[in-house]
Amino acid sequence: MFALILAVFIFVYLFFHLYWKRKNLPPGPIPIPFFGNLHSFYFTDMDAQLQKWKKQYGDISTLWFGGQPIITLHDAPTIMETFLKDGETYAARPNNMKWDDIIRLGRNGIVGSDGPKWRENRRFALHVFRNFGLGKNLMQERVLEEVTHLITDITSDIKHGSKDISIQNGIDLAVGSIINGITFGYRYGKEKEEEFFKVKKFAQYLISEIANPLFNIMNPDPEYYKKFPVCSAYYKKYTGEIQKMKDHFFNLIDKHRKGINFDSNDEPTDFVEAYMRHQHKLKQDGITDNNYDDAQLYATVLDLWIAGQETTSNTLAWLCIYLIQTPHIQQKLHKELDDIIGSDRVITLDDKNNLNYLNAIVAETQRYCNLVPINVPHRTTKATEIRGYKIPANTIITHQISTVLMDERYFPEPEKFMPERFLDKNGKFFQPTELMPFGIGKRACLGEGLARLELYLFTANIFNHFKLDYPSNKTTFGNRLIGATITPVPFLCNVSKRF
Ligand code: HEM
């Protein structure tokens, strides 16, 4: 009798998991109970595994993160028709990813919030960025200040000849100084290097854990899962790290508030000040029911810092690695710089349209490094239909940038690093719509303008001043660490001066 009950139970269980819950969804790899498809990422790199599934199941498929199905789009035309042309339907974020609530004190910030709070705060941040000169010379000056410090530091590190140094750390610190300058109003530089690497460590921990299966399994309800042995140790460690990060940012926020004279009409010089002045105005106007409390401020600053530092800095690090691995491409870049610039003067936005090969290298690096292996998930705000599949409201869905950027239909021989693919027959740089490293639609990267400015100014000025080569020990050179972003394993490179 017991055997019969067990057999029925197993049958019902398998029938539900293997067939019933998947029957109306696009095809995809078979999920196993508890893990879904997450276990596959243990055996193959995330982006390579997605590529395999795309070949197997086509341009629209379903992945399971634990018990959570995620509809995944892989081809540019479908992505344009949905996320771009019907943006509002795809503008929400999942509301069952509970670690986020712990990290961001509820549904706060920009990356993880939605509805009016997200809309208002995204608009507010973009407005502040524009006031700080994005798209004008002011932001260029901020970036160039850090570029100049970096060039000076590298020059002094290598003295007269050439030397193996960590250009990666230098870039990290410079990009961190830019985002910290924008958010809190001060740069790190060499003097505050220790503070920078402390925050960077938190950021890296958060980002890398997103690829941890245990993190994803516990995500729907960490408070419940922490009752189980392995999960409870994980919960303790994870929340401990988050607490340190919260302490750091709230400390800075409190200090900042004390330094602001709210009676003055001075223009704010950093994001936190702009935010606090806005909070103050709302209070004065008696508007208490608003979307601008301190939890929202903390979570937004956290989002800007993490999204703004790690992404740009890693892209630049990959660019250095690729140009070391392809000396003929670096040589061609040096030739363009010699022909167009011809001195060690500072390269600015005014030169951008003449530096076609350089722009193509940046574009190809963004394609090839494929920084975000799994794009940030979205949630449908209403029922819709995609390629014949009925997708209900509140379905988790994402457009998979990583598979689009490696798709041979849009980028022939995608496994090759070939900047020439972005030059037309007259040698002019162009960007096809399929090149979408910042995502598309309502949720496309908020920092795209700043990131593009940084990628261009750093690349142009670093390579105008220096030649980069392999370090003497290249054992792990170019190896990848996979998390929410793909990071190069820490590396040295041999740097020599060109002037
Ligand atoms: C090379 C650099 C960068 C890359 C490749 C990148 C890529 C992305 C991607 C793929 C998304 C998700 C889009 C989606 O949900 O579909 C995103 C969102 C976001 N990024 Fe970036 N990003 C970069 C730099 C930056 C910078 C410099 C900042 C801040 C100053 C920033 C702030 C944000 C924010 C706040 C969001 C969330 C937007 C929202 O949910 O409304 N990013 N980024």
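Residues numbered from 1 in each chain as written. Predicted model: local features only at pLDDT ≥ 70, side-chain atom pairs only at ≥ 80, totals over all residues. Heavy atoms only, no water.

Counted only if it meets this: UniProt positions are given in the numbering used here, feature names are shortened, and annotations may be inferred rather than shown by experiment.
By the naming in an unreviewed UniProt entry, the chain is CYtochrome P450 family, taken from Panagrolaimus davidi. For the chain, the Cofactor (unreviewed entry) comment in UniProt is given as "heme".

Some remarks on the overall build of the chain
Spelled out, the test is: Secondary structure elements are taken from DSSP: a helix is a run of H or I of four residues or more, a strand is a run of E of two residues or more, and numbering for both begins at the N terminus. All radius of gyration figures rest on C-alpha atoms, and the globule criterion is 2.2 Å times the number of residues raised to 0.38. Note on classification: 1.4 Å probe, protein chains only; a residue is buried when its accessible area is under 20% of the maximum for its type, exposed when over 50%, partly exposed between these limits. We call two residues contacting when some pair of their heavy atoms lies within 4.5 Å. Lys and Arg are tallied as positive, Asp and Glu as negative. Neither His nor the chain termini are counted. To locate a charge, take NZ of a lysine, CZ of an arginine, CG of an aspartate or CD of a glutamate.
In terms of regular secondary structure, the chain is built from 18 helices and 11 strands. Against the 2.2 N^0.38 benchmark of 23 Å for 499 residues, the chain shows a C-alpha radius of gyration of 24 Å, consistent with a compact globule. Principal-axis analysis of the C-alpha atoms gives the chain an extent of 85 × 60 × 45 Å. Residues counted as buried form 54% of the 499 residues belonging to the chain. Residue pairs at least 24 apart in sequence account for 72% of intrachain contacts in the chain once pairs closer than 6 positions are excluded. On the chain, the mean spot of the 60 positive side-chain charges and the mean spot of the 57 negative ones are 4 Å from each other.

Quick notes on the coordination of the iron atom of the ligand
What counts, and what does not: Note on donors: an N, O or S atom is included if it sits within 2.8 Å of the metal, or within 3.2 Å for Na, K and Ca, and water is never included, so sites can look incomplete.
On the protein, Cys445 (SG) is the one donor atom to the iron atom of the ligand, at 2.3 Å. Looking at the secondary structure, you find Cys445 in the loop between helix H17 (401–405) and helix H18 (448–465).

A closer look at the sheet that holds strand E3 (residues 162–165)
Going by this rule: Strand pairing requires that DSSP identify at least two bridges connecting the strands. Here an axis means a line fitted to C-alpha atoms, over the contact stretch when the element is a helix, while the angle between two N-to-C directions is reported on a 0 to 180 degree scale.
Strand order in the open sheet formed by 3 strands is E3-E11-E8, and the pairing between neighbours is antiparallel. Single-partner strands in this sheet number two, and they are E3 and strand E8 (466–469). For this sheet, the mean angle separating the axes of adjacent strands, direction not counted, is 30 degrees.

Here we look at the pattern of salt bridges
Think of it this way: side chains of opposite charge can pair up when their charged atoms draw near. As a reminder, the rule being used: Think of a salt bridge as a Lys or Arg side-chain nitrogen and an Asp or Glu carboxyl oxygen that are within 4 Å of each other.
All chains considered together, the criterion is met by 30 salt bridges. The salt bridge partner of Asp294 is Arg257, with a shortest N-O separation of 2.9 Å. Of this pair, Asp294 sits in helix H14 (residues 294–325) while Arg257 is found in helix H12 (residues 229–258), placing the two residues 37 residues apart along the sequence. Residues Glu420 and Lys332 are paired through a salt bridge, measuring 2.9 Å at the closest nitrogen-oxygen approach. With Glu420 in the loop between H17 and H18 and Lys332 in helix H15 (residues 327–340), the pair connects residues that are 88 residues apart, well separated along the chain. Judged by relative accessible area, Lys332 falls into the partly exposed class, the value being 41%. The network of salt bridges with common partners includes Lys54, Asp59, Asp407 and Arg409.

What to know about the packing of helix H7 (residues 137–158) against helix H8 (residues 167–184)
Inclusion rule: Any angle between 65 and 115 degrees counts as roughly perpendicular, while under 35 counts as roughly parallel, over 145 as roughly antiparallel, and the rest as oblique. Put simply, a crossing is left-handed when the front helix is turned counterclockwise from the back one by less than a right angle, and right-handed when it is turned clockwise. Three residue categories are used. Nonpolar comprises Ala, Val, Leu, Ile, Met, Phe, Trp, Tyr, Cys and Pro, charged comprises Asp, Glu, Lys and Arg, and polar comprises the others, including Gly.
In contact at an axis separation of 10 Å, H7 and H8 are set at 150 degrees when each is read in the N-to-C sense. Classified by the interaxial angle, the pair formed by H7 and H8 is roughly antiparallel. Viewed along their axes, H7 and H8 form a crossing whose handedness is right-handed. Contact residues: Met139, Arg142, Val143, Glu146, Leu150 and Ile154 in H7; Ile167, Gly170, Ile171, Ala174, Ser177, Ile178, Gly181 and Ile182 in H8. Taken together, the residues that form the contact of H7 with H8 break down as 9 nonpolar, 3 polar and 2 charged.

A look at unusual backbone geometry
With a phi angle near 50 degrees, Asn370 is a residue other than glycine that sits in the positive phi range. Mapping Asn370 onto the fold places it in the loop between helix H16 (356–369) and strand E4 (378–379). In this structure, Glu413 is a non-glycine residue whose phi angle is positive, near 50 degrees. With respect to the secondary-structure elements, Glu413 resides in the loop between H17 and H18. Judged by relative accessible area, which is 44%, Glu413 ranks as partly exposed.

Here we look at the side chain of Thr348
Turning to its location among the elements, Thr348 is positioned in the loop between H15 and H16. Beyond its immediate sequence surroundings of up to four residues, Thr348 is in contact with Gln140, Leu144, Tyr456 and Leu457.

Quick notes on the sheet that holds strand E1 (residues 60–65)
In a beta sheet, neighbouring strands are held together by backbone hydrogen bonds and run either parallel or antiparallel to one another. An order of E1-E2-E7-E4 is seen for the 4 strands of this open sheet, with the pairing classed as mixed. Edge positions in the sheet fall to E1 and E4, since each has one partner strand and no second.

Topic: the site of the ligand
Note the cut-off: By convention in this text, a residue qualifies as near a molecule or strand provided that one of its non-hydrogen atoms is within 4 Å of it. In protein, a polar contact means a hydrogen-donor-capable atom and an acceptor-capable atom, both N or O and within 3.5 Å, with residues adjacent in sequence counting only if both atoms are side-chain atoms; elsewhere, any N or O pair within 3.5 Å suffices.
Neighbouring the ligand are 27 residues, the closest being Arg93, Arg122, His378, Arg443 and Cys445. Contacts to the ligand include Asn375, whose side-chain N or O atom sits 3.2 Å from an oxygen atom. Here an oxygen atom of the ligand sits 2.8 Å away from a polar atom, N or O, in the side chain of Arg443. Among the secondary structure elements, those contributing two or more residues to the shell around the ligand are helix H6 (115–131), H14 and H18. Take the shell around the ligand: its biggest share by element is 5 residues, from H14.

A few points about the pairing of strand E2 (residues 68–73)
Counting buried residues in E2 gives 5 out of 6 residues, a clear majority hidden from the surface. Relative to E2, E1 runs antiparallel, the two sharing 6 bridges. Note on E2: the bridge partner recorded for Thr62 is Ile71. What sits between the antiparallel neighbours E1 and E2 is a turn of 2 residues, in which Gly66 has the positive phi angle 60 degrees.

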